[in-house]
Amino acid sequence: MRIGIVSDIHGNAEGLATALERMGDVDELLCAGDIVQEFRFSNETVALLRDRGARCVLGNHDAGLLAPHGERARAAAHVDPQLVDWLAAQPLTIDTKIMGKRLVMTHASPCPPHTQYVSPRSPELQRISAVDADFVVIGHTHVQMVERAGRPLVINPGSAGQARDHANGRQLSYAVLDVTAEHVEIDNYLVGVAVG
């Protein structure tokens, strides 16, 4: 079973569309948050994910746009209120079983207070090692990572919309997880790149 994973799109519809095209057919699509930019709603990115049946969690930018201080951005003339409602219905955490394996997805760390950045060799990985899961999918850093932390395989696909990862030459990226093999491939690309 192949799971496509994107994160940190920040309203870059072209970057997301390119990721979806490049990953090809996947059995499921996951998005680890920051679908929109906090004060700039993107009908296109939300619609692409909704129409593909993606399972998404809210990132800090999504939550900001949905908060009271994001009211003006949500009320802009171009914004489709049905897409705002779809975004607002997304959870902060997904905890699911896929082929008998437990997958937990959050935007930042799955450990309280759930706002920490997680990078390779981060002390936060020690805390994540205690999470009862086979896979932990996160975003937030815009930096790709595939790292074993005890039992969980921690996966950050990087950003499909706002390139910040110096290790991959500041390219956009997404990941594909082979659930059976517990193998992750990350693809880097420049089309639709927005440097953050």
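The structure we're discussing is the one just above.
Residues numbered from 1 in each chain as written. Predicted model: local features only at pLDDT ≥ 70, side-chain atom pairs only at ≥ 80, totals over all residues. Heavy atoms only, no water.

Observations concerning the nonpolar core
In terms of nonpolar packing, the biggest core is built from 31 residues, with Val 6, Met 23, Ile 35, Phe 41 and Leu 49 touching the most fellow members. Dropping the residues within four chain positions of it, Phe 41 is found in contact with Val 36, Val 46, Leu 65, Ala 73, His 78, Val 79, Asp 80, Leu 83, Val 84 and Leu 87. Of all hydrophobic cores here, the second largest spans 17 residues; its members include Ile 3, Ile 155, Leu 177 and Val 184. (Core = buried A, V, L, I, M, F, W, Y, C linked by side-chain atoms within 4.5 Å. Buried < 20%, exposed > 50% of the residue type's maximum accessible area, 1.4 Å probe, protein only. Contact = heavy atoms within 4.5 Å.)

Some words on the pattern of salt bridges
Applying the stated criterion across every chain, the model contains ten salt bridges. The closest approach of N and O atoms between Glu 28 and Arg 55, which form a salt bridge, is 3.2 Å. Of this pair, Glu 28 sits in strand β2 (residues 28-31) while Arg 55 sits in strand β3 (residues 55-56), placing them 27 residues apart in sequence. Take Glu 28: its relative accessible area is 16%, and that puts it in the buried class. With its nearest N and O atoms 3.3 Å apart, the salt bridge here joins Arg 151 to Asp 134. Highlighted residues: Arg 151 in the loop between β7 (145-148) and β8 (153-156) and Asp 134 in the loop between α6 (124-128) and β6 (135-137), separated in sequence by 17 residues. On the basis of relative accessibility, which here comes to 39%, the residue Arg 151 falls in the partly exposed class. Salt bridges sharing common partners tie together Asp 95, Arg 102, Asp 132, Asp 134 and Arg 151. (Salt bridge = Lys/Arg side-chain N within 4 Å of Asp/Glu carboxyl O. Helix = DSSP H or I, 4+ residues; strand = E, 2+ residues; numbered from the N terminus.)

What to know about the layout of surface pockets
Considering only enclosed or pocket space, the largest pocket measures out at about 190 Å³ in volume. Lining the largest pocket are 13 residues, and of these Leu 58, Leu 92, His 107, Ala 108 and His 114 sit closest to its centre. Broken down by class, the residue content of the lining of the largest pocket amounts to four nonpolar, nine polar and no charged. (1 Å grid on protein atoms, 1.4 Å probe; cavity = no way out; pocket = protein on both sides within 12 Å on 5 of 7 lines; lining within 4 Å. Points joined across faces, edges and corners; volume = space filled by probe spheres on them. Nonpolar A, V, L, I, M, F, W, Y, C, P; charged D, E, K, R; others polar.)

Nothing here speaks to function; it is all geometry.
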